[in-house]
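Residues per chain are reported as follows:
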Amino acid sequence: MSRIGKRPVEVPSGVTATINGQHVEVKGPKGTLAFTATDDVTIAQEGNEISVKPRGTSKRARQQWGMSRSMVANLVQGVTQGFKKELEINGVGYRAQMQGKVLKLSLGYSHEVNFEVPEGVTVTTPKQTEIVVEGIDPQLVGQVAANIREWRQPEPYKGKGIKYKDEYIFRKEGKKK
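Residues numbered from 1 in each chain as written. Predicted model: local features only at pLDDT ≥ 70, side-chain atom pairs only at ≥ 80, totals over all residues. Heavy atoms only, no water.

If you check an unreviewed UniProt entry, the protein chain appears there as Large ribosomal subunit protein uL6 from Albidovulum denitrificans. Taken directly from UniProt, the Subunit (unreviewed entry) text for the protein chain runs: "Part of the 50S ribosomal subunit." On record in UniProt, under Sequence similarities (unreviewed entry), the comment for the protein chain is "Belongs to the universal ribosomal protein uL6 family." (UniProt positions renumbered as here; feature names shortened; annotations may be inferred.)

**Student:** What is the right way to read the overall build of the protein chain from this model?
**Tutor:** From N to C terminus, the protein chain includes 3 helices and 13 strands. A compact globule built from 177 residues would reach a C-alpha radius of gyration of about 16 Å, whereas the protein chain, at 21 Å, exceeds it by more than 25%. Taken over the C-alpha atoms alone, the protein chain extends approximately 65 × 45 × 25 Å along its principal axes. Taking all 177 residues of the protein chain together, 36% fall into the buried category. By sequence separation, contacts in the protein chain at least 24 residues apart represent 48% of the contacts at least 6 residues apart. (Helix = DSSP H or I, 4+ residues; strand = E, 2+ residues; numbered from the N terminus. Rg over C-alpha atoms; globule rule 2.2 N^0.38 Å. Buried < 20%, exposed > 50% of the residue type's maximum accessible area, 1.4 Å probe, protein only. Contact = heavy atoms within 4.5 Å.)

**Student:** Looking at this structure, how should I read the UniProt feature "domain: Large ribosomal subunit protein uL6 alpha-beta" (unreviewed entry) in the protein chain?
**Tutor:** Residues annotated in UniProt with the feature "domain: Large ribosomal subunit protein uL6 alpha-beta" (unreviewed entry) correspond here to residues 11-82 and 91-164. Secondary structure content for residues 11-82 is 31% helix and 40% strand, and the end C-alpha separation is 15 Å. Helix makes up 18% of residues 91-164 and strand 38%, whereas the separation of the span's terminal C-alpha atoms amounts to 14 Å.

**Student:** Hey, could you run me through the pairing of strand β11 (residues 121-124) in this one?
**Tutor:** A regular strand places its side chains so that they alternate between the two faces of the sheet. Because side chains alternate across β11, one face comprises the buried residues V121 and V123, and the other comprises T122 and T124, none of which is buried. As paired strands, β11 and strand β12 (residues 130-135) are joined by 4 bridges and run antiparallel to one another. Note on β12: the bridge partner recorded for T124 is V132. (Pairing = 2+ DSSP bridges.)

**Student:** When you look at the sheet that holds strand β9 (residues 102-106) in this model, what are you seeing that I'm missing?
**Tutor:** Strand pairing in a sheet is mediated by backbone hydrogen bonds. Such pairs are either parallel or antiparallel. Judged by pairing direction, the sheet is antiparallel, and its 3 strands sit side by side in the order β8-β9-β10 without closing on themselves. A strand with exactly one partner marks an edge of an open sheet, and here the two such strands are β8 (95-99) and β10 (113-116). The sheet shows a mean angle of 25 degrees between the axes of neighbouring strands, taken without regard to direction. By the bridge criterion, 4 bridges tie β9 to β10 in an arrangement that is antiparallel. Pairing of L103 across the sheet is with F115, part of β10. (Axes fitted to C-alpha atoms, helices over the stretch in contact; angles between N-to-C directions.)

**Student:** What is the right way to read the pattern of salt bridges from this model?
**Tutor:** Side chains bearing opposite charge may pair, as long as their charged atoms lie close to each other. Under the definition given, this model contains 9 salt bridges. Residue E173 is joined to K176 by a salt bridge in which the shortest nitrogen-to-oxygen separation is 3.7 Å. Each member of the pair, E173 together with K176, is exposed. Look at the salt bridges and you will find they share partners, linking K84, E86, K127, E130 and K165 into a network. (Salt bridge = Lys/Arg side-chain N within 4 Å of Asp/Glu carboxyl O.)

**Student:** What is the right way to read the environment of T129 from this model?
**Tutor:** Take T129: it is sitting in the loop between β11 and β12. Counting along the chain gives 38 residues from T129 to G91, while the straight-line C-alpha distance between them is 9.1 Å. Not counting chain neighbours up to four residues away, the residues in contact with T129 comprise L87, E88, I89 and Y94.

**Student:** Where do I start with helix α3 (residues 138-150) in this structure?
**Tutor:** Helical geometry note: an α-helix holds 3.6 residues per turn, so side chains three or four residues apart project in the same direction. For α3, spanning 13 residues, the distance from its first C-alpha to its last is 18 Å, which sits close to the expected 18 Å at 1.5 Å a residue. Taken together, the buried positions of α3 are occupied by V141, V144, A145, I148 and R149. One side of α3 carries all its buried residues, which in axial view fall inside an arc of 135 degrees. The outward face of α3, more than 90 degrees from its buried face, is lined by the exposed residues Q139 and E150. Against β7 (83-90), β9, β10, β11, β12 and β13 (161-164) lie the buried residues of α3. (Expected span 1.5 Å × (residues − 1). Arc of directions from axis to C-beta.)

Okay, structure coming up:
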C-alpha cells in the first residue's frame, strides 16, 4: 500500500481546487496549475482535502496512486509558496547578471553565454556568483536550473563551474610527481 498515496492533500484557505473527472485545476495567489491523472486512479475532494485512490490492485494502478498524489500536492504547493532552486558559481572570473529577460553568464568561454529565461520562471542574481530560479511549476523550475548548470558543470579537481547550492562535489586529487 502506498504510504504517500494514503495521505490526503490539504487545500489551504485562499486556494480553490476544481476536479472534473481526471482533471485537477488548482487556483491560488501565485497562479493556476492543472494536472490530468491517468485512468488508474480516482481523485475526489472532501471538504478542504483532495484524496487519491487506486482503481484496482494492478501494479500500474499502485504506481500511479503515489505519483498522482505527489503531483496534486505539488500543484497546491506551487500556487501557495512556489518552488525555488539556488545555483552557485565557482571559478575565477565566472559571474552572472540579469539584463531584462536574458541571463548573461561569463563562464571562461571566449564569449558570454546569453540564456533566454522562459515564461513562467523568474531568475534573479542576488550576487554575481548566485542564481535563484523561482516559479510555480516544479518541473519547469528544475529544468531551467539544469539548463543553466549545463553550461559549465562543476569539475572534480578545483570545483569550478555552476552547482546547486546544496550539491556536494566529490573532489579528486591531482596528478602526483
